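Chain by chain, the residues:
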Amino acid sequence: MSRHPNYLPHGVIPAVLLPFNDDLSIDEKSFRSHLRDVAATDGLSAITINAHSTEVASCSFDEQRRVLDIAQDEIGERLPLVNGVWADGSIEAARIARMAAAGGASALLVFPPAPFTLGQSPDMALAHFKRIADATDLPIIVFQYPLATGQGYPRDTLLRLVDEVTAVRAIKDWSGNVPQHEMHIRLLQTRPRPPTAPGC
């Protein structure tokens, strides 16, 4: 269970790095030191783990769980932890979400499935997020990729995610597109449950 059960994503949420030993095992000593250094920064609302900078795509399920355990041990009492959900399938994504909740994460950062590069529909994205939301009670941050990658969520998809998945509480905008970012701010803020746009 989360040590910060009322946390809602907002403000500055940096993603930490994950160091490795020469044999590609997690360098736990260096990781703990890095976590303490980042957590000592004033003004953070949370810290993200199991994301791009934590090499989530190269980590097994057990390694992701270990990353969460280490982070909880080092800084979980001081700061909420946002756990990334990186999976190509919705069933595996839900399993990761349950692991994160059981390990004390305070929110989820959900990455788009790689198969979306081949094409996606609003119903596909909605089904993916609903399965994750059904697995836990944690708030969800939608990771928004550039639309040109095929993994970014078009306007109508984002509106449905925000309106129909109550767990969606924030958007991490990685679109690199000023008009798209302005749409995120202006249009999504008019919704009945407007999401935040934390600086991850």
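Residues numbered from 1 in each chain as written. Predicted model: local features only at pLDDT ≥ 70, side-chain atom pairs only at ≥ 80, totals over all residues. Heavy atoms only, no water.

(A) Structural context of unusual backbone geometry. Its identity as a non-glycine residue notwithstanding, L24 has a phi of 70 degrees, on the positive side. Considering the arrangement of structural elements, one finds L24 in the segment before α1 (28-39). Overall, L24 belongs to the exposed group, its relative accessible area being 63%. Even without a glycine there, the phi angle at E55 is positive, about 55 degrees. (Helix = DSSP H or I, 4+ residues; strand = E, 2+ residues; numbered from the N terminus. Buried < 20%, exposed > 50% of the residue type's maximum accessible area, 1.4 Å probe, protein only.)

(B) Seen up close, the side chain of R32. With respect to the secondary-structure elements, R32 resides in helix α1. Residue R32 is classed as buried on the basis of its relative accessible area of 17%. Each residue touching R32, except ones within four places of it in the same chain, is listed here: R66, I70, D73 and E74. (Contact = heavy atoms within 4.5 Å.)

(C) Structural context of the sheet that holds strand β2 (residues 81-85). Spatial ordering of the open sheet is given by β1-β2-β3-β4-β5, a layout of 5 strands whose pairing is parallel. What marks the edges here is a single partner per strand, and that holds for β1 (47-49) and β5 (168-173). Shown here is a sheet whose adjacent strand axes are inclined to one another by a mean of 30 degrees, direction ignored. Across the sheet, helix α2 (residues 61-75) is in contact with β1 and β2; its angle to β2 comes to roughly 175 degrees. This element, helix α3 (residues 90-102), spans β2 and β3 (107-110) of the sheet and lies at about 165 degrees to β2. (Pairing = 2+ DSSP bridges. Axes fitted to C-alpha atoms, helices over the stretch in contact; angles between N-to-C directions.)

(D) Local environment of the packing of α2 against α3. Closest axis-to-axis distance for the α2/α3 pair is 10 Å, and the angle between their directions is 25 degrees. As the angle between them shows, α2 and α3 are arranged roughly parallel. Our pair here, α2 against α3, has a crossing hand that is right-handed. Between α2 and α3, the contacting residues are F61, Q64, R65 and L68 on the first element and E92, R95, I96, M99 and A100 on the second. (Parallel < 35°, antiparallel > 145°, perpendicular 65-115°, else oblique. Left-handed = near helix turned anticlockwise from the far one by under 90°.)

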